[in-house]
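# Understanding the architecture of this molecule
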Amino acid sequence: METIVSVSGGKVRGLADGGISSFLGIPYAAPPVGPARFEAPQPVTEWSGVRDAVELGATCAQSPYPAPIHALIGSDGVPGDEYLNVNVWTPDAGGSGLPVLVWIHGGAFVRGSNSQKIYDGSAFARDGVVVVSINYRLGISGFAAVPGAPLNRGLRDQIFALHWVQENVAAFGGDPGNVTVFGESAGGMSVVNLLVAPQARGLFRRAIVQSANGSAVAAADDARKVAEQVAAKIGIDPTAAAFGELGPDQLRSAQDATALDLMTDPDPARWGASVITNGLGILSFFPVIDGELIPDRPTDILAAHPDRTVPLIIGWTAEEFRFYTFPTGIAAGITAETLPIALARYGLEPAVAERYAANRPGASPADVFAAVVTDLVFRDDAMRIAEYTAAAGNSTYVYEFAWRSGIPDLGASHVMEVPFVFDQIDEAHTLTGPNPPQRLADEVHRAWVRFATHGDPGWSAFDAATRSVRIFDSPESYDVADPRADELRALRRAHPNV
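You'll find the protein entered in an unreviewed UniProt entry as Carboxylic ester hydrolase, with Nocardia transvalensis given as the organism. Taken from UniProt, the Sequence similarities (unreviewed entry) comment for the protein reads in full: "Belongs to the type-B carboxylesterase/lipase family."

Shown next, in the form of structure tokens:
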């Protein structure tokens, strides 16, 4: 059955099935193509009649993931110009006052979209929540520091989309005063950036940060070095006009080549120290300290300005970095001899590995490496942000997702919690293995619903005294006070810049 709703731009026709209405691929901004690709987002052009919103929309230019990662989570890539779009799922398009969740996808700021099956919001709608999932500009389009173009265009898109939610979510039964923004990986980093961006104040009430940090930002001068390297490689002037003439295929090729160059030649003199250090050799195009949206490193801003915090869920998976080391084959090259070299690339002293190894009898050097870098990239910042939020008097809830995949060697890796959050584990067997526990999906999903509805996910709050962390696992989840605190202390001693 079809259902019609009026939004900015005109009327859209969605599909209603089993008490859930879905509206897919609704443009929230004008198509950013040609020179407009490097401009701030602009209002959508109005259309006449009723526009069908029954198919997933276009995605920003990107290449498929490398084969080992593609095998786990698939890839995105729907061609088209109207890639600044949203999907909406609602239990009652004619209702009012429903809680709202706004999802920001991950993908290292160069890949991903709102069209992944594990991001389907129908289970949230089933449980009384309106879900809006957004696309935003990625890679060169969204984050290259191109002279003559505004910085952080991808973040500007996200803020533009949040304004769209404020203006339109009531048409889907949602309450614009009860919006929770949530995201994972680059999406979670985006949420942290939105917390500190003055332009995003008042656009959401609560936040959920999954598997992210508040340190992955580049200095503007360093980001410009990356753009200059890209321009030189493809033979154009480093200007917004020249970049605006590039087509999607050229953008994809340039993004891929830049990522490869960064990995094989991580020279700070070439790329800029902050790109190498804060991007950890994984990120090539990512948010920039621009003095406007992001005045400084977000973790530092939150420490100095606790008023920027909001009620929060924040957490990580217990073995995040196995996602990057074991499926890719990198783990095979990490031995007792090469472990110190691998840690040094992340600015870590070899001594830190001793504490992690002592807590993991029988662990391989690759296991230890993944555990250390998991904490460096994800857990340390998450705990700091939780501390700042709780100290400001905002409700704070911390989790660790510890359930281990049935896929050999993957463990409780990056992305593992996402299909449980969305209650879409049947769509994730390439990641989870064939028998993920539905009981755990019910528990995690219900906690996110509760938090979006009234701010309490149903486990013990984090504060300075208890430092309580919810461990999501099967057969039972449980709360722990400050898990593996000795490892975090050792990490901070070994890495003075953390």
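Turning next to the packing of aromatic side chains. Counted under the stated rule, the structure contains 25 aromatic pairs. Pairing Tyr-397 with Trp-459 gives two aromatic rings, centres 5.9 Å apart and planes at 80°, and the pair type is edge-to-face. Of this pair, Tyr-397 sits in strand β13 (residues 396-401) while Trp-459 sits in the loop between α18 (438-454) and β14 (468-472), placing them 62 residues apart in sequence. Taking the relative accessible area as the measure of exposure, Tyr-397 reaches 8% and is therefore buried. A residue is classified by how much of its surface remains accessible, and Trp-459, at 7% relative accessible area, is buried.

Further remarks concern the domain arrangement of the protein. When the domains of the protein are assigned, the result is domain 1 (1-310) and domain 2 (318-443 + 461-494). Taken residue by residue, the interface counts 37 residues in domain 1 and 33 residues in domain 2. Considering only the side of domain 1, the residues that lose the most area to domain 2 are Leu-72, Ile-118 and Leu-280, jointly responsible for 22% of the buried surface there. Between Asp-423 and Arg-126 there is a salt bridge, and its shortest N-O distance comes to 3.1 Å.

Its 15 residues place the ends of helix α6 (residues 220-234) 21 Å apart at the C-alpha level, agreeing with the 21 Å of an ideal helix rising 1.5 Å per residue. Listed as buried for α6 are Ala-220, Asp-222, Ala-223, Val-226, Ala-227, Val-230 and Ala-231. Following α6 by one or two positions, Gly-235 adopts a phi angle in the positive range, close to 75°.

Right, let's get into the UniProt feature "domain: Carboxylesterase type B" (unreviewed entry) in the protein. Mapped onto the present numbering, the UniProt feature "domain: Carboxylesterase type B" (unreviewed entry) falls on residues 3-458. Summarising residues 3-458: 37% helix, 16% strand, and an end-to-end C-alpha distance of 35 Å.

On to the environment of Ser-395. Locating Ser-395 in the fold gives a position in the loop between α15 (365-391) and β13. Looking at Ser-395, the relative accessible area reads 36%, which means it is partly exposed. Here the alpha-carbon distance between Ser-395 and Thr-264, two residues 131 residues apart in the chain, equals 43 Å. Contact partners of Ser-395, with chain neighbours within four places excluded, come to Pro-311, Leu-312 and Thr-389.

This brings us to α15. Under the 1.5 Å per step criterion, the end-to-end length of α15 is 37 Å for 27 residues, consistent within 8% with the ideal 39 Å. Of all the bends in α15, the greatest measures close to 45° and is centred on Asp-375. Of all the 27 residues making up α15, 22 are buried; the element is thus mostly covered by neighbouring parts of the structure. Of the residues one or two after α15, Gly-393 is the one with positive phi, at around 90°.

Time to look at the side chain of Asp-222. Turning to its location among the elements, Asp-222 is positioned in helix α6. For the buried residue Asp-222, which engages in no salt bridge, the nearest side chain bearing the opposite charge is Lys-225, 4.3 Å off. In contact with Asp-222, not counting residues within four places along its chain, are Trp-271, Gly-272, Ala-273, Ser-274 and Val-275.

Attention shifts here to the pattern of salt bridges. Counted under the stated rule, the structure contains 28 salt bridges. Among the salt bridges present, the one from Arg-492 reaches Asp-380, with a minimum N-O distance of 2.4 Å. Note that Arg-492 is positioned in helix α19 (residues 485-494) and Asp-380 in helix α15, a separation of 112 residues in sequence. With its nearest N and O atoms 3.0 Å apart, the salt bridge here joins Asp-479 to Arg-470. What makes Asp-479 partly exposed here is its relative accessible area of 32%. Judged by relative accessible area, Arg-470 falls into the buried class, the value being 17%. Each of the salt bridges in this network shares a partner with another, and the network as a whole consists of Lys-233, Asp-261, Asp-265 and Arg-270.

Scoring rules and cut-offs
Each residue is numbered by its place in its chain's sequence as written, counting from 1. For this predicted model, a pLDDT threshold of at least 70 governs which residues receive local features, and a threshold of 80 or more governs which side-chain atom pairs are given and counted, while totals over whole chains, interfaces and linings are taken from all residues. Side-chain descriptors were evaluated using all non-hydrogen atoms of the structure, hydrogens and water having been removed beforehand. UniProt positions are given in the numbering used here, feature names are shortened, and annotations may be inferred rather than shown by experiment. Ring geometry is summarised as follows: Phe, Tyr and Trp rings, the Trp one being its six-membered ring, pair when their centres sit within 6.5 Å, and such pairs are stacked at plane angles under 30 degrees, edge-to-face over 60 and tilted between the two. For helices the rule is a DSSP run of H or I covering at least 4 residues; for strands it is a run of E covering at least 2, with both sets numbered from the N terminus onward. Residue burial is assigned from relative accessible area. The probe radius is 1.4 Å, only protein chains are included, and a residue is buried under 20% of its type maximum, exposed over 50%, and partly exposed in between. Those domain boundaries reflect an automatic or database domain assignment. The contact definition used throughout considers only heavy atoms, calling two residues in contact when any of these lie within 4.5 Å. A simple way to read buried area is as the amount of 1.4 Å-probe accessible surface that goes missing from two parts once joined, with both sides added. Here, a salt bridge means any side-chain nitrogen of Lys or Arg that lies within 4 Å of a carboxyl oxygen of Asp or Glu. Here the expected span of a helix is defined as 1.5 Å times the quantity of residues minus one. We define the bend at any residue as the angle between the axes fitted to the seven residues before and including it, ending there, and the seven starting there. For the purpose of counting charges, residues Lys and Arg are taken to be positive, whereas Asp and Glu are taken to be negative. His and the chain ends are not included.

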